[in-house]
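Summary of structural features
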There are 2 protein chains.
Amino acid sequence: MDTPLNIQKLLDKRMAITTALTLIDWDEQTLAPEGGMELTSNAIKILNEELYSCMVNDEIRQFINENKTDETAIIRKIRKDYKDNVGIPKDEFSGFRTLTSKANRIWAKAKEEDNFDLYKETLTQIIEYVRKFARYRQKEEKTLYDVLLNDYEPGFDVARLDVFFDMIKSEIVPVVKKHRNDKSVNSFNYKKYDIEKQKQFCEYLATYLGFDFKRGVMAESAHPFTTNLHNKDVRITNHYYECDLEDAIFSCIHEVGHGLYELNIPDNLTQTIVGTGATMGMHESQSRFYENIIGRSKAFWKPLYGKLQDTFADNLKDVELEQFIIGINEVKPGLIRTQADELTYPIHIMIRYEVEKMAINDGADVDELKKAWDQMYEEYTGIRPERDSESILQDVHWSGGDFGYFPSYALGNAFGAQIFNTMKKDLKVDELLESGKISVINDYLKEKIHKYGATLESNEILLNVTGEEFNPKYYIDYLKEKFM
Amino acid sequence: MDTPLNIQKLLDKRMAITTALTLIDWDEQTLAPEGGMELTSNAIKILNEELYSCMVNDEIRQFINENKTDETAIIRKIRKDYKDNVGIPKDEFSGFRTLTSKANRIWAKAKEEDNFDLYKETLTQIIEYVRKFARYRQKEEKTLYDVLLNDYEPGFDVARLDVFFDMIKSEIVPVVKKHRNDKSVNSFNYKKYDIEKQKQFCEYLATYLGFDFKRGVMAESAHPFTTNLHNKDVRITNHYYECDLEDAIFSCIHEVGHGLYELNIPDNLTQTIVGTGATMGMHESQSRFYENIIGRSKAFWKPLYGKLQDTFADNLKDVELEQFIIGINEVKPGLIRTQADELTYPIHIMIRYEVEKMAINDGADVDELKKAWDQMYEEYTGIRPERDSESILQDVHWSGGDFGYFPSYALGNAFGAQIFNTMKKDLKVDELLESGKISVINDYLKEKIHKYGATLESNEILLNVTGEEFNPKYYIDYLKEKFM
């Protein structure tokens, strides 16, 4: 059916307001002056009220009632957004968005000053909002946290995730422990790398991977991220440290993975409410696939490593490709998620998953969360955080109100491994990488995943591509084969 | 009186939408990928419709009717915006904004390729819209162009401006002609200046002038400009050419002049509809005052020139301060407005004023405009443009629909000279500059001009500050004294 005119107008307005809010957020994270957000948040609040009014109103309610059995993607999404938001009073909705638009700076300051106390009140308020909203919205979901998980990954609840993370605990934690005392093999990474040259190499790398700079930009921000206004304006960021080459390179590959997904959304879906990646987990499956499965492989670097060596001749001229590959795949359990190696990574997520359950389902206070965090790190990685900034303050997500998001990272890895298992049967991946034909892989993912935008959920995509719904076995097998 | 709640809500929404549109425009001019604007303009169109609906609706109409005699600044502005827009159908309003949001790229391409033909159709459409809107809006104004002039400089119509530009023609054109064959005295300007060092110096310079980087940013764009979301987020841009040091320095000072105005808007006005500079001309009076009257004076450079010399030691070590000051005040009639010296500048504006009158009042077609442009340049500067890019294609303004804006530049210069004439009686300007106390001058302007935002019109401000309404004599005298 065609969308009726009055509904289409609301969708159009929603698109316009979303464009504005996306850009304000991008700007805040990349460039805005530090003193500006307090007043800018007045505008954000009003724009969010307008956004809310587009999703929840009598016309939409009536439209949903008249199309109860229609399962087309747009209607499914209209229905979900209505249902997700109708219970939340508009002023609380915008009040929460205003709080989170300011919280980022408060969190950043607390992290910079290495002082959790500065952030506790804000975090407590955010958790209160998140729990309250989940309570408003809870219907068939068993726990409050299930409500949130459903926002990022429909179909994945605590019951299902407990099984997944139990497998991580029983199968991966022991492998991590085996590597605890490995000798370091990537000292080359911590030499001095000129930042301008890092930027130039990353631009080259992004282009090499297929990122289209006519339809995208790469800027800088404290934490690399990807956002987009539509499929002709996709934006990634990176950050650069003089004494950490890997960080910029793999952040770049990761964000390009996200970026390609958004660039591949077809024209007839972009600027609609299903014109973006399917779910957070499916998005992460693409970024982590490029970053780890492709980006840390020898075949990928074979045609590329010479360029990197030339760019940083002083540091890398004596580092052979073989040694570089071993270095970038080093396992070194640590405290910081974003610097984690591929094997340790899901442990970081497992800990956050447990902490979030405590916060949302058990109502634990922020001091208890901190205590649990540190204890679990000691138990599972063998290291206890000494400083707030390397403990519970390290991630930006909660300051944006994003509870329930973290599991998508681990799921993304697992989706990626499952998809890779099928891809290997269809494509000669190593040969393609060695001959620089990344575009064949990109096209494969476009055809199988990207072109559907958010018209399908992740389990539907996995079923289409791999012949079965989510199965964590492929991820566990992949990690064990690579790191045992 | 207090603004009623329903009207306040409309004003708040208008502020939020304006914030969004300002940021989208900033982003487009500084960073957005070139392929993005076509789709982004879908969002711009809708946001402009929302903006229009905030200004023109039954509630506002009723409010105006109930407050016919109220002359408070906010109500005056609500009334003006209603009156200015009510005659324009909403779809034409947003259609025009959509056209202009795309026109910038078309103009830029035509200029780059030095081909007016590529831009003619777009420019013709823009002029048609502008004339049509002026016709809808024309009330007591004698000519269509008067309607437009009133948008940028209330109180200044063709009758008044003809007198002003006649003075420029009779008194300044002869002085310019005297300088036509001057020997060049600023060859130092065209040596090679490292761009990174130019940026660093300009950041230093902006700070020196009082620009607060906690409440502002400086980025790059093809054409320097200033914009702001509110008084805690003021943004200026600059551009840098390796072989033109002056361009970056004086663009920087100019934009800082605009920026200080917006930074000095008081908290109780910012984010209201009168929370910005009074008029375009008054804004230009500040930027041109800083750029020329302050920025090209010997007293200003006395404490600063050593720093510039150190930064570019290879090029400037043998250039004495005296020689530098003579160089930056060189008169050299040319074709490009943005590179014009202070004396020739109003001639450029005079020509645009005549061309705009032809376009708007006489309905001349774009070929006729081009012909008139080139003829007048030959007549008044002695040089005939050879290429489209140095002729009618040189300015960005018309692509944004801004007809009637150019006269504000010349008026701004003249306002600045009139204000300076009074300031000299109140402050020992040279002594302040020599001792680096720019803040005293900044505070003077803040107290006399900036703090009123747009609650006063330019003639009201001039009367308050100088004891008389606009009087072009001070500007003519200033130029003749400096350059005869």
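Okay, so let's go over this structure. Keep in mind it's a predicted model, so treat the numbers as computed, not measured. (Residues numbered from 1 in each chain as written. Chains lettered and ligands numbered in written order. Predicted model: local features only at pLDDT ≥ 70, side-chain atom pairs only at ≥ 80, totals over all residues. Heavy atoms only, no water.)

Here we look at the overall build of chain A
We apply this condition: The helix count covers DSSP runs of H or I at least four residues long, the strand count covers runs of E at least two residues long, and both are numbered beginning at the N terminus. A radius of gyration in this sense is built from C-alpha atoms; the matching globule rule multiplies 2.2 Å by the number of residues raised to 0.38. Any residue under 20% of the maximum accessible area for its type is buried, any over 50% is exposed, and the rest in between are partly exposed; the area is computed with a 1.4 Å probe on protein chains only. In what follows, residue pairs with any heavy atoms lying within 4.5 Å of each other are defined as contacts. Throughout, the Shrake-Rupley method with a 1.4 Å probe supplies accessible areas, and for residues the shown protein chains are the sole cover considered.
If you tally the helices and strands in chain A, you get 22 helices and three strands. For a compact globule of 484 residues, the expected C-alpha radius of gyration is about 23 Å, and chain A comes in at 22 Å, within 12% of that figure. With the principal axes as the frame, chain A shows a C-alpha extent of 70 × 50 × 45 Å. Burial statistics for chain A: of 484 residues in total, 60% are counted as buried. Intrachain contacts of chain A at a sequence separation of at least 6 include 73% that bridge at least 24 residues. When the accessible surface of chain A is summed, it comes to about 19700 Å², and 47% of that surface belongs to carbon and sulfur atoms.

Here's the deal with the side chain of Gln418(B)
With respect to the helices, strands and loops of the structure, Gln418(B) is situated in helix H18 (residues 406-426). Filtering out sequence-adjacent residues up to four positions away, Gln418(B) remains in contact with Leu462(B), Thr466(B), Glu468(B), Glu469(B), Phe470(B), Asn471(B) and Tyr474(B).

Topic: the pattern of salt bridges
Should their charged atoms come close, side chains of opposite charge can pair. Just so we agree on the cut-off: Salt bridge, as used here, is a side-chain nitrogen of Lys or Arg placed within 4 Å of a carboxyl oxygen of Asp or Glu.
In total, this model carries 80 salt bridges over all chains according to the counting rule given. Across the pair Lys473(A) and Asp477(A) runs a salt bridge whose closest N-O atoms are separated by 3.5 Å. Taken together, the positions of Lys473(A) and Asp477(A), both in helix H22 (residues 473-483) and four residues apart, correspond to about one turn of that helix. On the basis of relative accessible area, Lys473(A) is assigned to the partly exposed category, the value being 41%. Each member of the salt-bridge network shares a partner with another, and the members are Lys13(A), Glu50(A), Lys13(B) and Glu50(B).

Brief notes about the sheet that holds strand S2 (residues 226-230) of chain B
All names here are of chain B. We apply this condition: For two strands to count as paired, DSSP must find a minimum of two bridges between them. Each axis is a line fitted through C-alpha atoms, taken for helices only over the stretch in contact, and angles between the N-to-C directions span 0 to 180 degrees.
In space, the three strands of this open sheet follow the order S1-S3-S2, with mixed pairing throughout. Either end of the sheet is taken by a strand with one partner, and the two such strands are strand S1 (216-220) and S2. Put simply, the sheet's adjacent strands are angled 20 degrees from each other on average, direction ignored.

Digging into the environment of His239(B)
Residues and elements named next belong to chain B. Definition in use: As used in this structure description, the phrase polar contact means that two N or O atoms lie within 3.5 Å; if the pair is within protein, one of them must be able to donate a hydrogen and the other to accept it, and residues adjacent in sequence are counted only when both atoms belong to side chains.
Residue position: His 239 is located in the loop between strand S3 (233-238) and helix H10 (245-263). In this structure, the C-alpha to C-alpha distance between His 239 and Lys 214, residues 25 residues apart in sequence, is 21 Å. With sequence-adjacent residues up to four places away left out, His 239 is seen in contact with Ser 221, Ala 222, Pro 224, Asp 247, Ala 248 and Ser 251. A polar contact is formed between the side chain of His 239 and the backbone oxygen of Ala 222, at a distance of 2.9 Å. A polar contact is formed between the side chain of His 239 and the side chain of Asp 247, at a distance of 2.8 Å.

Regarding the nonpolar core
Formally: Nonpolar core, defined: a set of buried Ala, Val, Leu, Ile, Met, Phe, Trp, Tyr and Cys residues in which side-chain atoms within 4.5 Å join the residues together.
Counting 328 residues, the largest nonpolar core has Phe300(A), Trp301(A), Ile441(A), Phe300(B), Trp301(B) and Ile441(B) as the members making the most contacts within it. Leave out the neighbours within four places in its chain, and Phe300(B) touches Leu205(B), Tyr208(B), Leu209(B), Ile253(B), Ile294(B), Gly295(B), Leu433(B) and Ile438(B).

Notes on the relation of the copies chain A and chain B
For the record, the criterion: Superposition of the copies used a least-squares fit over C-alpha atoms from residues whose pLDDT is at least 70 in both.
For these two chains of identical sequence, chain A goes onto chain B by a turn of 180 degrees and a shift of 0.0 Å along the axis, with RMSD 0.0 Å. As the rotation angle and translation indicate, the two copies are arranged about a two-fold axis. The rotation axis passes nearest to the C-alpha of Ala20(A) in chain A, at a distance of 2.7 Å. In this assembly, 100% of the residues forming the interface of chain A have copies in chain B that are likewise at the interface, indicating an isologous arrangement.

A few points about the sheet that holds strand S2 (residues 226-230) of chain A
All names here are of chain A. Reading across the sheet, the three strands line up as S1-S3-S2 and stay open at both edges, with mixed pairing between neighbours. Each edge of the open sheet carries a strand with a single partner, namely strand S1 (216-220) and S2. Geometrically, the sheet is characterised by an average inter-axis angle of 20 degrees between neighbouring strands, direction not taken into account. In this structure, S2 lies alongside strand S3 (residues 233-238), joined through four bridges in antiparallel fashion. Across the sheet, the residue bridging to Thr 227 is Arg 235, located in S3.

Topic: helix H7 (residues 144-152) of chain B
Residue and element names in this part refer to chain B. For H7, a buried count of seven out of nine residues is recorded, marking the element as mostly surrounded by other parts of the structure. The complete set of buried residues in H7 reads Leu 144, Tyr 145, Asp 146, Val 147, Leu 148, Leu 149 and Tyr 152. In this structure, the buried residues of H7 make contact with helix H6 (117-137), helix H8 (158-178), helix H11 (280-294), helix H16 (345-360) and H18.

Bear in mind that shape data such as this cannot, by itself, settle questions of function.
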